[in-house]
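Residue-level listing of the chains:
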Amino acid sequence: QTVVTQEPSFSVSPGGTVTLTCGLTSVSVSTSYFPSWYQQTPGQAPRTLIYNTNTRSSGVPDRFSGSILGNKAALTITGAQADDESDYYCVLYMGNGISVFGGGTKLTVL
Amino acid sequence: EVQLVESGGGLIQPGGSLRLSCAASGFTVNSNYMSWVRQAPGKGLEWVSVIYSGGTTYYADSVKGRFTFSRDTSKNTLYLQMSSLRVEDTAVYYCARIGSAWSFDYWGQGNLVTVS
């Protein structure tokens, strides 16, 4: 059973920078897992932010960026705004059509 | 404009069956990889299944043998046939298109299935 790990919660001050991570329990995350990131607010469908590690989806502000940091995929929000307060999910592609979501990070902006 | 509209959810007893539909517009489902993702109440997202453009399907272990992903190209509609439903299948089910690099680029609005 593959487990994708994310911080359960994170807090950032308005205007601050925060980096959320996405890891695997036994191996390093690389670009070969095609990490992608999604933002979800309560009652809404997820919104695609980043795909293929670091490509921003259409219309996503450039304060959102993706990368590989050490052995994890990372989503960095630079200059956090109040409406960035959401749940963030990463997804890793495992091959054979199978994708695995992380447990999500609840981001608070205060 | 790409749109995905799910329907068919509702309340069903454990052990029962239900079929979800996802009507697509703005693109053709048989030219794309498509997926179902679910979210139990208050929980995170869980990948459920994928169908390739060629028709090959894959499933999460949690639904394998109970759920079937299919499509009707004449209606440009996807289906998720769910059987032997369990309480733990209670969730909002989203259909999503798979775009570049295995990302989910378009999502439906979600459809609630309650098994109780």
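Described below are features of the structure shown in this document. (Residues numbered from 1 in each chain as written. Chains lettered and ligands numbered in written order. Predicted model: local features only at pLDDT ≥ 70, side-chain atom pairs only at ≥ 80, totals over all residues. Heavy atoms only, no water.)

## Topic: the interface of chain B and chain A
A common way to express how large an interface is: the accessible area buried when the components associate. At the interface, 20 residues of chain B touch 21 residues of chain A. Counting the surface lost from both chain B and chain A, the interface buries some 1,600 Å², and carbon and sulfur atoms represent 64% of this. Between the two partners, chain B and chain A, sit 0 salt bridges. Scanning the region where chain B abuts chain A turns up 7 residue pairs in polar contact (both at pLDDT 80 or more). Those elements that provide at least two residues to the side of chain B that touches chain A are β4 (33-39), β5 (45-51) and β10 (104-107) of chain B. Here the side of chain B that touches chain A gets 4 residues from one element, more than from any other, and that element is β5 of chain B. Partitioned by chemical class, the residues of the side of chain B that touches chain A number 11 nonpolar, 5 polar and 4 charged. (Contact = heavy atoms within 4.5 Å. Buried area = accessible area lost by both parts, 1.4 Å probe. Salt bridge = Lys/Arg side-chain N within 4 Å of Asp/Glu carboxyl O. Polar contact = N/O pair within 3.5 Å; in protein donor to acceptor, adjacent residues only side chain to side chain. Helix = DSSP H or I, 4+ residues; strand = E, 2+ residues; numbered from the N terminus. Nonpolar A, V, L, I, M, F, W, Y, C, P; charged D, E, K, R; others polar.)

## Observations concerning the nonpolar core
Residue and element names in this part refer to chain B. Counting 26 residues, the largest nonpolar core has W36, F67, F69, L80, M82 and Y93 as its most contacted members. Mapped onto this core, the elements with two or more residues apiece are β3 (18-25), β4, β5, β7 (67-72), β8 (77-82), β9 (91-98) and β11 (111-115). A total of 4 residues in this core trace back to one element, the largest contributor, which is β3. Residues in contact with M82, not counting those within four places in the same chain, are G16, S17, L18, L20, R66, F67, Y93 and V113. (Core = buried A, V, L, I, M, F, W, Y, C linked by side-chain atoms within 4.5 Å. Buried < 20%, exposed > 50% of the residue type's maximum accessible area, 1.4 Å probe, protein only.)

## So, the state of the cysteines
By the definition in use, this model includes 2 disulfides over all chains. In this model C22 of chain A forms its disulfide with C90 of chain A; the gap between the sulfur atoms is 2.1 Å. Here C22 of chain A and C90 of chain A share a disulfide; its torsion about the S-S bond, 75°, makes the bridge right-handed. Of this pair, C22 of chain A sits in strand β3 (residues 17-24) while C90 of chain A sits in strand β9 (residues 87-95), placing them 68 residues apart in sequence. Exposure remark for C22 of chain A: the relative accessible area of 0% places this residue in the buried category. The exposure class of C90 of chain A is buried, given its relative accessible area of 0%. Each sulfur in the disulfide pair C22 of chain B and C95 of chain B lies 1.9 Å from the other. Between C22 of chain B and C95 of chain B, the disulfide has an S-S torsion of 60° and is therefore right-handed. Of this pair, C22 of chain B sits in strand β3 while C95 of chain B sits in strand β9; the two residues are 73 residues apart in sequence, bridging distant segments of the chain. (Disulfide = S-S within 2.5 Å.)

## Some remarks on the pattern of salt bridges
Following the criterion strictly, the structure yields 7 salt bridges over all chains and no others. Taking the shortest distance from any N to any O, the salt bridge between D83 of chain A and R63 of chain A comes out at 3.7 Å. With D83 of chain A in the loop between β8 (72-78) and β9 and R63 of chain A in the loop between β6 (55-56) and β7 (64-69), this pair connects stretches of sequence that are 20 residues apart. Of the residues examined, D83 of chain A reaches a relative accessible area of 56% and is grouped as exposed. Three or more residues are tied together by salt bridges with common partners; here these are R38, E46, R66 and D89 of chain B.

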